[in-house]
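Structural overview for review
Next come the chains, spelled out residue by residue.
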Number of protein chains: 2
Amino acid sequence: MPAFDDLMAFQRQTEALAQIAGRLSWDQETMMPHSAALQRGEEMGAIEAVLHARRSDPRVGEWLAKARPRSAVGKAHLRHIRRDYDRASKVPERLASELARLTSVAHGIWAQARREEDWQAFAPTLAQIVALKREEAQALAQGGDAYDAMLGDYEPGTTAAQVAAMFDAMRPRLVALRAAVLDKPSPKGLKGVYPSGRQMKLARRLARAFGYDLKTGRLDKAVHPFSSGSGLDVRITTRTNPKDPFNCVYSTIHEVGHAAYEQGIDRAYLLTPLGRGVSMGVHESQSRIYENQIGRSRAFSGWLYDQMRDVFGDIGVKSEGAFYAAVNRVQKGYIRTEADEVQYNLHIMLRFDLERALISGDLAVADLEAAWNDRFLADFGYAVDKPSNGVLQDVHWSAGLFGYFPTYSLGNVYAGCLHQAMRADLPKLDKRLAKGDTGPATDWLRGKVQVHGGLYEPREVIAMASGIEPTPEPLLAYLEEKFGALYDL
Amino acid sequence: MPAFDDLMAFQRQTEALAQIAGRLSWDQETMMPHSAALQRGEEMGAIEAVLHARRSDPRVGEWLAKARPRSAVGKAHLRHIRRDYDRASKVPERLASELARLTSVAHGIWAQARREEDWQAFAPTLAQIVALKREEAQALAQGGDAYDAMLGDYEPGTTAAQVAAMFDAMRPRLVALRAAVLDKPSPKGLKGVYPSGRQMKLARRLARAFGYDLKTGRLDKAVHPFSSGSGLDVRITTRTNPKDPFNCVYSTIHEVGHAAYEQGIDRAYLLTPLGRGVSMGVHESQSRIYENQIGRSRAFSGWLYDQMRDVFGDIGVKSEGAFYAAVNRVQKGYIRTEADEVQYNLHIMLRFDLERALISGDLAVADLEAAWNDRFLADFGYAVDKPSNGVLQDVHWSAGLFGYFPTYSLGNVYAGCLHQAMRADLPKLDKRLAKGDTGPATDWLRGKVQVHGGLYEPREVIAMASGIEPTPEPLLAYLEEKFGALYDL
C-alpha cells in the first residue's frame with residue numbers, strides 16, 4: 001500500500017481512540033460515580049499514553065516523509081498529522097502521561113476548593129500543573145515563545161503578539177462602551193423561580209430550533225456546560241439555575257453552536273484529521289454567533305419571549321422590547337461565563353495577561369490570587385468578594401488549559417466578521433428569526449464554515465467566509481451599535 | 001527496574017485500557033445516541049486492537065521469562081498475565097480481527113432474524129462464526145480438546161469432561177423435581193401494572209440493601225440488565241416491565257451480586273490482574289446466591305413483600321406465604337433468562353451439548369434448529385413454537401461466546417456449595433434477612449470469596465470458602481428441600 005494510505009489507516013484508529021478519550025471526559029462530568037475519580041485518572045493516563053505513542057510513532061514520521069497526497073484534501077490531512085507528530089515527538093511520553101494523570105485528579109481538587117472557597121487547597125496542585133505545562137511548552141517551543149507554543153495547541157497560526165495587539169485595539173473602545181452603559185439605568189431582569197425540569201424542556205426546544213441533531217447527540221444537565229465529541233456522537237450539557245433561566249437558555253444555545261459545527265462537518269471526513277473543528281477560536285466563533293448575534297438578536301428574542309411564556313407561564317416581562325433589553329442586560333458581576341457581550345472580553349484579557357505571566361515565570365502561583373484580585377479591581381472597579389467569584393471560578397487551569405482563554409475572544413472577533421458577511425448575504429434574516437427559524441443563518445454558517453472541518457487553516461476559513469482578514473472592527477461596530485441603541489447612548 | 005516491576009507497570013495500563021473498553025460498552029447500552037453505532041464500532045475496534053497488541057507484545061514474553069515474583073500475590077499476577085499472553089500469542093491477529101468484525105456484524109443479523117422469526121437468515125452467519133471459532137479453539141488447544149480451550153477463556157481450570165459429569169449427576173434429579181413440581185397446582189403470580197419509576201425506586205432500595213456502593217457505582221435502566229467494570233467504577237443496569245416487577249427486582253439483585261463481587265475485591269489489587277472477578281462461574285455464583293439463595297429465601301421475601309407494598313400500594317397478594325410462593329413460582333416456558341431455579345440448569349445442559357457438538361463437528365449449523373427443537377421437546381415435554389423461543393433466543397453464539405453457557409450452571413453449583421457453608425456459619429441469618437439486613441451474608445461472601453479477586457483459581461476459592469470440593473450435591477439438596485416444601489411434595 002502507498003505510504004499515504006498506510007498513514008491514513010493508522011491515523012483513523014488514532015482518531016477513534018481520541019474520540020474515546022473525549023467520551024471518557026464527558027462521562028466524568030455527567031455520569032461517573034463520585035468516588036471513581038482516582039481510577040479514572042489512571043484510565044485517562046493510559047489512553048493518553050497510547051495516543052501520545054501513536055502520534056509520535058516513528059512509522060508516522062516515515063510515512064509522512066514518503067506520503068504523496070493526491071488532492072488538496074490529502075494535503076490538509078498531512079498538515080494536521082505532521083503538526084500532531086511534531087508536537088508529540090517533542091513532548092516526552094512521561095510528561096504527557098503525568099499531565100493527564102495530574103489534571104484528571106486536579107479536577108476534583110479544584111471543584112472542592114471552589115465549593116469550600118479555599119484557594120490554598122488548590123494552589124499547590126495548580127503549581128504542579130504550571131510547572132509541568134511550562135516544561136511542556138519549553139519542549140514544544142524549542143527556544144521560541146513558550147506561550148505561543150501553548151496557543152498553537154488551540155489556535156494554530158495565531159501568536160500571543162497578535163492576540164496582544166488585538167486586545168490593545170479592543171480595550172479602549174470596550175472600556176468606554178462599558179462605562180457609558182453602566183452609567184445608564186439598568187433594565188429589569190427576571191424575578192421568580194423557574195423549575196429545572198421546565199428549563200430542560202426549553203433547552204431541548206432551543207437545541208432543535210438551532211438544528212442540533214439529537215439522533216447523533218444528547219443533552220444532559222451538568223455542573224459545567226460543554227460540548228464533546230465529533231462526527232456521529234456529539235454530546236452537549238447545560239445547567240439550570242432556578243432563579244436564572246437565561247443561564248440555561250444561552251448556555252444551551254452556545255453549546256449547540258459548538259455541537260452544530262462538529263455535526264456540520266462533511267461526513268466524508270469522519271474519523272480523519274479534517275473531521276473535527278479546526279481550532280478553538282473557530283469553534284467559539286460558531287458558539288458565539290449562535291448565542292449572541294443570533295440568540296440575543298432583537299428578532300430571535302421576540303420568538304424566545306413567546307417560548308418562555310409558553311414553558312413557564314407569566315414571566316413578569318411586559319413586552320418584547322423589555323425582554324430584548326433583559327437578555328442583553330449589562331450588569332456588574334464577577335463571573336466570566338455570566339458576562340454580557342460588552343464585558344466578556346475584558347474577563348479574557350485579565351486571564352490572558354495572568355496566564356502569560358505564570359508561564360513566563362513573571363508570576364508565581366502563590367501570588368496568583370492576589371494578582372487576580374488586584375487586576376480585577378483595577379479593570380472592573382470593585383473587589384472580588386470570594387475565590388469562587390475570582391481565581392477559582394474557571395475549570396481551565398485545573399485541566400492544564402493554558403493558552404485556551406484567548407481563543408474565546410478570537411471566537412468573538414471571528415463571529416463579528418462572520419456576522420457582518422452573513423447579514424449582507426441574508427437581508428431578510430430577521431423575518432425568519434422572528435419565527436424561531438434559524439435555518440438561513442445556520443445553513444449559511446454550515447456551508448461557509450462548518451462543512452470544511454479542518455480543510456483550511458483557522459484564519460483562512462474565517463477570511464474566506466467573511467470576505468475580510470479577521471479584525472475586531474466588525475465586532476466593535478456591532479457592539480457599539482447594538483448597545484448604543486439599547487442604552488440610548 | 002526488575003522485569004517483574006516493568007511487567008506490572010505495563011500491565012497496569014493494559015488493565016486501565018480494558019476498563020475503558022468496558023465503559024464504552026456500558027455507554028453503548030445506556031447513553032449513546034442512536035445513530036452513533038457506526039462510529040462506535042470503529043472506536044471499539046481501535047481499542048480492542050490496542051489491547052490485543054499489548055497482550056501479545058513480545059516484551060511481555062521477555063518480562064515473563066525473566067520475572068521473579070516476590071510473593072504468592074506476585075505469582076498469581078504472573079499466572080494471569082501468562083495465560084492472557086499465551087492466548088493472545090496463539091491466535092493470529094488476522095483471525096482475532098476477522099472474528100471481531102464478523103461477530104460485530106452478526107449481532108445485527110441475529111437481532112433482525114430473531115425479530116423476524118427467521119432462523120435461515122442467521123444460519124449462514126453462525127456457520128461462519130463456528131468455523132472461525134473452531135479455528136481459534138484449535139490454535140489455542142494445540143492438539144488438546146477444542147471445547148476445553150474455549151471453556152478456558154471463561155472458567156480456567158475446568159474441563160468439558162468435568163462439566164459433563166456434573167450435568168450427568170444433576171439431570172435425573174432436576175428432571176424428577178421438575179416433573180413433581182409441575183404436577184402440582186401453580187401458585188398465583190402478580191396482576192396489575194407497576195409503574196417504571198416506582199420499580200426503579202425499589203431497585204435502588206434493593207441495591208442498597210445488598211450493599212451495592214453507589215459512590216463507586218450507578219444504576220440505570222437499559223434493555224438488558226448487566227454489570228460492567230471493576231474496582232472503583234462498577235455500574236449496573238436493570239430493566240422494567242410494567243406487568244412483571246419481579247423481573248426488575250431479581251435482575252437488580254442478580255446484577256448487584258456481580259457488582260458486589262467487583263466492589264468487594266481487595267483495593268490493593270486495583271487495576272491489576274487480581275482486581276477482577278476470577279472467572280465467569282465464580283461471578284455467577286455471587287449473582288445467583290444474591291438473587292436466589294438470599295433474595296428468594298422465605299426470610300428475605302417477607303421483607304421484600306413489605307417493600308413492594310410500600311412502593312406500589314396493594315399488590316393483590318394476601319400473605320407473606322403467598323408472596324414467597326409467587327417469587328418462587330415454577331412454570332412452563334421457553335426462555336432461559338426467565339427460568340426459575342428448578343429449570344434453569346436444564347436450559348444450560350441443552351446449550352452445552354449442542355455447542356459441544358457444533359465445535360466437535362458432530363453437528364452442522366444447518367441442522368442446529370432441528371436439533372434444538374428435538375432436544376427441547378425431549379427435555380421439556382412441549383414443542384418450541386417459534387425461533388425466538390428456541391434457537392434464536394440467546395445473543396451468545398452471535399457474539400462468538402462458545403464455552404460460556406456452562407459457567408451459568410457452574411455458578412449455580414458454586415452458589416449451592418457456598419450457601420451450605422454460609423448457613424452453617426450463620427445460624428441466625430434468617431432473623432436478619434427478615435429485616436432486610438443482608439449484612440451477615442454479604443459480609444461472609446465478601447470475606448470468603450470476593451476479597452480475593454483473582455488470587456486463587458476458581459475451583460480453589462470455592463473449595464476454600466465452602467470447605468468442600470465443588471459438587472452439585474448441596475445445590476440439589478437445597479432445591480429439593482426448598483421446592484419440596486413449597487409444593488408439598
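Everything in this summary refers to the structure shown in the same document. (Residues numbered from 1 in each chain as written. Chains lettered and ligands numbered in written order. Predicted model: local features only at pLDDT ≥ 70, side-chain atom pairs only at ≥ 80, totals over all residues.)

**With respect to the pairing of strand E3 (residues 235-238) of chain B**
Residues and elements named next belong to chain B. Operational definition: Buried, partly exposed and exposed are defined by the number of other C-beta atoms within 10 Å of a residue's own C-beta, namely 20 or more, between the two limits, and 12 or fewer respectively, with C-beta atoms placed from the backbone. Here a helix means four or more residues in a row that DSSP labels H or I, a strand means two or more in a row labelled E, and each is numbered from the N terminus. Whether two strands pair depends on DSSP finding at least two bridges between them.
Alternating positions in E3 separate into two faces, Arg235 and Thr237 on one and Ile236 and Thr238 on the other, with burial throughout. Where strand E1 (residues 219-221) lies against E3, three bridges are found, and the strand directions are parallel. What sits directly across from Leu219, in E3, is Ile236. Of the strand pairs in this sheet, strand E2 (residues 227-228) and E3 are connected by two bridges, and their pairing is antiparallel. Along E3, the bridge assignment pairs Ser227 with Ile236.

**With respect to the relation of the copies chain B and chain A**
For clarity, the threshold we go by: In superposing the copies, a least-squares fit is computed on C-alpha atoms, taking residues whose pLDDT is at least 70 in both. Think of it this way: build a C-beta for each residue from its backbone, and any pair within 7 Å is a contact.
Overlaying chain B on chain A yields an RMSD of 1.0 Å, the required transformation being a rotation through 175° with an accompanying axial translation of 0.7 Å. As the rotation angle and translation indicate, the two copies are arranged about a two-fold axis. Same-surface contact between copies: 100% of interface residues of chain B are shared with the interface of chain A.

**A few points about the interface of chain B and chain A**
Inclusion rule: When residues are grouped by polarity, Ala, Val, Leu, Ile, Met, Phe, Trp, Tyr, Cys and Pro land in nonpolar, Asp, Glu, Lys and Arg in charged, and all others, Gly among them, in polar.
In this assembly, 32 residues from chain B lie in contact with 33 residues from chain A. Looking at side-chain class alone, the side of chain B that touches chain A contains 17 nonpolar, eight polar and seven charged residues.

**Focus on the sheet that holds strand E1 (residues 219-221) of chain A**
In a beta sheet, neighbouring strands pair by backbone hydrogen bonds and run either parallel or antiparallel. The sheet built from three strands is open, its strands ordered E1-E3-E2 (chain A) with mixed pairing. Each of the sheet's edge strands pairs with one partner strand only, and the pair in question is E1 and strand E2 (227-228) of chain A.

**Some remarks on the environment of B:Phe122**
All names here are of chain B. Tracing the sequence through the fold places Phe122 in helix H6 (residues 119-141). Separated by 264 residues in the primary sequence, Phe122 and Lys386 have C-alpha atoms spaced 14 Å apart. Setting aside anything within four residues of it in sequence, one finds Phe122 in contact with Ile109, Trp110, Ala113 and Leu392.

**Some thoughts on the packing of helix H8 (residues 160-182) of chain B against helix H14 (residues 344-360) of chain B**
Residue and element names in this part refer to chain B. Rule in force here: Here the axes come from fitting lines to C-alpha atoms, over the contacting stretch only for helices, and the angles between their N-to-C directions go from 0 to 180 degrees. Between 65 and 115 degrees an angle is taken as roughly perpendicular, under 35 as roughly parallel, over 145 as roughly antiparallel, and anywhere else as oblique. Helix crossings get a hand from a simple test, with the near helix turned counterclockwise from the far one by less than a right angle marking a left-handed crossing and a clockwise turn marking a right-handed one.
Contact pair H8 / H14: the axes reach a minimum separation of 11 Å and the direction vectors enclose 140°. For the element pair H8 / H14, the angle class is oblique. When you trace H8 past H14, the crossing you get is left-handed. Every residue of H14 that contacts H8 at Ala160, Val163, Phe167, Met170, Arg171 and Leu174 is listed here: Asn345, Leu346, Met349, Phe352 and Arg356. Looking at the contact of H8 with H14, its residues break down into eight nonpolar, one polar and two charged.

**A word on the nonpolar core**
Here is the rule: As used throughout, a nonpolar core is a set of buried Ala, Val, Leu, Ile, Met, Phe, Trp, Tyr and Cys residues joined through C-beta atoms within 7 Å of each other. Domain start and stop positions are those given by an automatic or database domain assignment.
Core analysis: the largest hydrophobic core is formed by 119 residues, its most contacted members being A:Leu17, A:Ile47, A:Phe210, A:Val256, A:Leu418 and B:Leu17. Among the elements that take part in this core, helix H16 (residues 405-425) of chain A stands out by supplying nine residues, more than any other. Here this core spans two domains, and each of domain 1 (3-145) and domain 2 (160-486) of chain A adds at least three residues to it. If sequence neighbours within four positions are ignored, A:Ile47 has contacts with A:Leu17, A:Ile20, A:Ala21, A:Leu24, B:Leu17 and B:Ile20. By size, the runner-up hydrophobic cluster in this structure holds 94 residues, among which are B:Phe210, B:Leu410, B:Val449 and B:Ala465.

Honestly, that's just the spatial picture; any functional story needs more than this.
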